[in-house]
Amino acid sequence: MSVLGVWTRKAAYLLALPAVLVASWAVLGGRTTSFYYPSLGRILSAFADTWGWERVTGDVLPSLARLAAGYAGAVCVGVALGTLLGSLPRLRALTEPILEFFRAIPPTVLIPILMLFSGVGDGMKILVIISGAVWPVLLNTVEGVRAVDNVLSDSARCYGITGFARLRHLVLPAASPQIVAGMRQALSISIILMVISEMFASSNGLGFTIVQFQRSFAVPAMWSGIILLGLLGFALSLLFDRFDSRVLGWYHGLRRSQRGEK
């Protein structure tokens, strides 16, 4: 099959179900008179009127900046701490109870506490994202480092590959499939926490704007904000798939060869 045919088939698989759902929504909800569940036409009209350039620069871009900062912080902290704990079994056993204690605390509960220490600015919102998104990266990194093949580890030791060189050429590549899996989970958590953090003591952002629409009973505009969040999540998922295919191309190729696929 040609490259164009492959991409056409992928696009069909990707868009078929959303197209059916949107068409069903348009047909079934086209004659609705409910104030709380407006028709798709009214929502799309409100979308075009609401999300102009001024709203994008004033609300969407600040939200994306907080999301990027919080997500990057969660990945850096999770990979660094996870690599350390995965490499040192005694340290992992010592810190496991306290880590499980903090992991069980919902990040939204920490918002009032973080507001006391970091104020109500962007720092608080970024810390909220980090506090919730760090756990999938951390735990997956720990398990990935622990699962490094013993034969490869012994071979590296025999060749004198130690320290940073061992970390760079053996540990992180071997653990990268699980690290990337944790990063994928952390991305969706980061989006959720971005919205929730902006609902508290904010003056801009997607979460703030959607709540303002709800409080002013601008229901079609509120639904348009929800749809925009879904579209942003979908776009970020596609970007992450591209990142996954580049970083883990060797891994996916190995899995296909093991299954006898081309």
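Rules behind the numbers
- Residue indices follow the written sequence of each chain, beginning from 1 at its first position.
- Since the coordinates come from a predicted model, pLDDT governs what is reported: local features require at least 70, and pairs of side-chain atoms require 80 or more to be given and counted, while whole-chain, interface and lining totals use all residues.
- Calculated side-chain values reflect all of the structure's heavy atoms, with hydrogen atoms and water omitted.
- Strands here are runs of E lasting at least two residues and helices are runs of H or I lasting at least four, both read from the DSSP assignment and numbered beginning at the N terminus.
- Summary of the burial criterion: residues with accessible area below 20% of their type's maximum are buried, those above 50% are exposed, and those between are partly exposed, where the area comes from a 1.4 Å probe applied to protein chains only.
- For this count, His and the chain ends are skipped, Lys and Arg are scored as positive, and Asp and Glu as negative.
- A pair is scored as a salt bridge if a Lys or Arg side-chain nitrogen falls within 4 Å of a carboxyl oxygen belonging to Asp or Glu.
- Whether two residues are in contact is decided by their heavy atoms: any pair within 4.5 Å suffices.
- Multiplying 1.5 Å by the helix residue count minus one yields the expected span of that helix.
- One axis is fitted to the seven residues ending at the residue and one to the seven starting there. The bend at that residue is the angle between these axes.
- Within 6.5 Å between ring centres, the rings of Phe, Tyr and Trp (the latter by its six-membered ring) count as paired, and their orientation is classed by plane angle as stacked under 30 degrees, edge-to-face over 60, tilted in between.
- In this analysis an axis means a line fitted to C-alpha atoms, helices contributing only their contacting stretch, and an angle means the value between N-to-C directions, from 0 to 180 degrees.
- For classification purposes, an angle smaller than 35 degrees is called roughly parallel, one larger than 145 roughly antiparallel, one from 65 to 115 roughly perpendicular, and anything else oblique.
- By definition, turning the near helix anticlockwise from the far helix through less than a right angle yields a left-handed crossing, and turning it clockwise yields a right-handed one.
- Polar here means any residue outside two lists: the nonpolar Ala, Val, Leu, Ile, Met, Phe, Trp, Tyr, Cys and Pro, and the charged Asp, Glu, Lys and Arg; Gly therefore counts as polar.
- Patch membership requires more than 30% relative accessible area and the absence of a salt bridge. Residues of like charge join within 9 Å; the nonpolar side chains Val, Leu, Ile, Met, Phe, Trp and Tyr join within 5 Å.
- What sets the accessible areas is the Shrake-Rupley method with a 1.4 Å probe; for residues, cover comes only from the shown protein chains.
- For the purpose of locating charges, the reference atoms are NZ of Lys, CZ of Arg, CG of Asp and CD of Glu.

**A short note on the side chain of Lys125**
Inspection of the secondary structure assignment puts Lys125 in helix H6 (residues 122-146). Asp122 provides the closest opposite charge to the buried, salt-bridge-free Lys125, at an N-O distance of 4.9 Å. Among residues more than four places away in sequence, those in contact with Lys125 are Arg66, Val120, Ser197, Glu198, Phe200, Ala201 and Ser202.

**Quick look at the environment of Ala156**
With respect to the helices and strands, the residue Ala156 is situated in helix H7 (residues 150-158). Sequence spacing of Ala156 and His169 is 13 residues, and the spatial spacing of their C-alpha atoms is 9.3 Å. Ignoring sequence-local partners within four residues, the contact set of Ala156 consists of Ile161 and Leu170.

**A word on helix H3 (residues 53-87)**
Structural remark: α-helix, 3.6 residues per turn; residues separated by three or four positions point the same way. End to end, H3 covers 48 Å across 35 residues, agreeing with the expected 51 Å (1.5 Å per residue, within 8%). By the largest-angle criterion, Val60 marks the main kink of H3, which is about 30°, and a proline, Pro62, follows within four residues.

**A closer look at the packing of aromatic side chains**
Overall, the coordinates contain five aromatic pairs when judged by the stated rule. Taking 6.4 Å as the distance between ring centres and 85° as the angle between the ring planes, the aromatic pair formed by Trp51 and Phe213 counts as edge-to-face. A residue pair is termed long-range when its members are at least 10 positions apart, and Trp51 in the loop between helix H2 (40-50) and H3 and Phe213 in helix H9 (residues 206-215) qualify at 162 residues.

**Concerning unusual backbone geometry**
Unusually for a residue other than glycine, Phe217 sits at a positive phi of about 60°. Structurally, Phe217 is set in the loop between H9 and helix H10 (219-247). Classification of Phe217 as exposed rests on a relative accessible area of 56%.

**A look at the pattern of salt bridges**
Applying the stated rule across the entire model yields eight salt bridges. A salt bridge links Asp59 to Arg55, with the nearest nitrogen and oxygen atoms 3.6 Å apart. Of the two residues, Asp59 and Arg55 are both situated in helix H3; the distance of four residues between them amounts to about one turn of the helix. Given a relative accessible area of 29%, Arg55 falls into the partly exposed group. Linking Arg184 and Asp244 is a salt bridge whose minimum nitrogen-to-oxygen distance equals 3.2 Å. Within this pair, whereas Arg184 is found in helix H8 (residues 163-197), its partner Asp244 is found in helix H10, the two being separated by 60 residues in sequence.

**Some thoughts on the packing of H9 against H10**
Following both chains from N to C, one finds H9 and H10 inclined at 155°, their axes separated by 8 Å at the closest point. Here H9 is positioned roughly antiparallel relative to H10, judged by the angle of their axes. The chirality of how H9 crosses H10 is left-handed. For the pair formed by H9 and H10, the contact residues are Leu206, Ile210, Phe213 and Gln214 on the first element and Ala221, Met222, Gly225, Ile226, Leu228, Leu229 and Leu232 on the second. Class assignment of the residues belonging to the contact of H9 with H10 gives a composition of nine nonpolar, two polar and no charged.

**Regarding a positive patch on the surface**
Judged by side-chain charge, Arg9, Lys10, Arg242, Arg246 and Arg256 come together as a positively charged surface patch. Those elements that provide at least two residues to the positive patch are helix H1 (3-28) and H10. Considering the arrangement of structural elements, one finds Arg256 in helix H11 (residues 249-258).

**Brief notes about the packing of H3 against H10**
Packing of H3 against H10 brings their axes to within 13 Å, and their N-to-C directions diverge by 40°. Classified by the angle between their axes, H3 and H10 sit oblique to one another. Crossing geometry of H3 relative to H10 is assigned as right-handed. Within the contact between the two elements, H3 uses Val60, Leu64, Leu67 and Tyr71 and H10 uses Leu228, Leu232, Leu236 and Phe240. By residue class, the composition of the contact of H3 with H10 is eight nonpolar, no polar and no charged.

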